[in-house]
Amino acid sequence: MDKTEWQEKFLEAVAACSDEGREAVDYIRTHGTRIGMKRARKSVGAFWTLTKSAHLNARHYTRESSLVTPHAWMLLIHEVRHLQQGVLTAFSIYGELDAWQYQYQVTKKITGRSLSPLAEELLSLPLNMDRKNLRRARQIMTKIAGISYGAFILPLYPIHREIKYWLTRR
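Computed from a predicted model, the values in this text were never measured in an experiment.

Asker: Would you take a moment to explain the environment of Ser92 for this structure?
Answerer: By the element assignment, Ser92 lies in the loop between α5 (87-90) and α6 (93-111). Using a relative accessible area of 0% as the deciding quantity, one classes Ser92 as buried. Along the chain, Ser92 and Tyr157 lie 65 residues apart, while their C-alpha atoms are 5.5 Å from each other. With residues up to four places along the chain from it excluded, the contact list for Ser92 reads Leu154, Pro155, Leu156, Tyr157 and Pro158. Within the structure, Ser92 has its side chain in polar contact with the backbone oxygen of Thr89 (distance 2.6 Å). There is a polar contact of 3.0 Å between the side chain of Ser92 and the backbone nitrogen of Gly95.

Asker: I keep staring at the packing of aromatic side chains and nothing clicks. Help me out?
Answerer: We describe a pair of aromatic rings using the distance from one ring centre to the other and the angle between the two ring planes. A complete count under the given rule lists six aromatic pairs for this structure. Centre to centre, the rings of Trp100 and Tyr104 are 6.0 Å apart; their planes meet at 90°, and the pair counts as edge-to-face. Of the two residues, Trp100 and Tyr104 are both situated in helix α6; the distance of four residues between them amounts to about one turn of the helix. Accessibility expressed as a relative area gives 6% for Trp100, which makes it buried. Seen from their ring centres, Trp100 and Tyr149 are 5.5 Å apart, and the 75° between their planes marks the pair as edge-to-face.

Asker: Looking at this model, I keep getting lost on the nonpolar core. Mind explaining?
Answerer: Nonpolar side chains in soluble globular proteins tend to be buried together. Judged by nonpolar contacts, the single largest core of 28 residues is most densely connected at Phe10, Val14, Ile35, Leu56, Trp73, Leu76 and Ile77. Going through the elements one at a time, α1 (3-17), α2 (19-31), β2 (46-48), β3 (53-57), α4 (70-85) and α6 are the ones with two or more residues in this core. With eight residues, the single largest contributor to this core is α4. By size, the runner-up hydrophobic cluster in this structure holds 20 residues, among which are Tyr104, Leu122, Leu134 and Met141.

Reading the values: rules and limits
Residues numbered from 1 in each chain as written. Predicted model: local features only at pLDDT ≥ 70, side-chain atom pairs only at ≥ 80, totals over all residues. Heavy atoms only, no water. Helix = DSSP H or I, 4+ residues; strand = E, 2+ residues; numbered from the N terminus. Buried < 20%, exposed > 50% of the residue type's maximum accessible area, 1.4 Å probe, protein only. Contact = heavy atoms within 4.5 Å. Polar contact = N/O pair within 3.5 Å; in protein donor to acceptor, adjacent residues only side chain to side chain. Phe/Tyr/Trp six-rings, centres within 6.5 Å; stacked < 30°, edge-to-face > 60°. Core = buried A, V, L, I, M, F, W, Y, C linked by side-chain atoms within 4.5 Å.

Everything listed is a geometric property; what it means functionally is a separate question.
What follows is the structure in structure tokens.
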């Protein structure tokens, strides 16, 4: 299957999985977001780029497997959430918490299965700017995805708010 045929079939699968999937595909089509597959670190299931594209990790998925794997669809929905957030928010624990929670909510909705205790704890955290809460989110993400996921590198707040916090402590 060629890339164009795969892209169309993959987007159809994502759109058909849920309202959130349809919204993600609408965003992709409206904004001309490119999707594809590229090899990345093992700890990464998918990723977005500054050039507004989203890719599944070719270490974990093939074109064929992505068409029938709900987890691949959820990862695209997660990455589109980051594109919707914008760069400043997406590169923060706050942005990650939002995207992970959104992904997990959709996962539960379409699979009907419960999540791991750590994923459920992450889902239960309030999405707010409380630093203690965001530190806990970082710890959980690291436990789930591993240290190489890189959550420890990200600021807790979007960077413009993080700088303000460090200057004013508010």
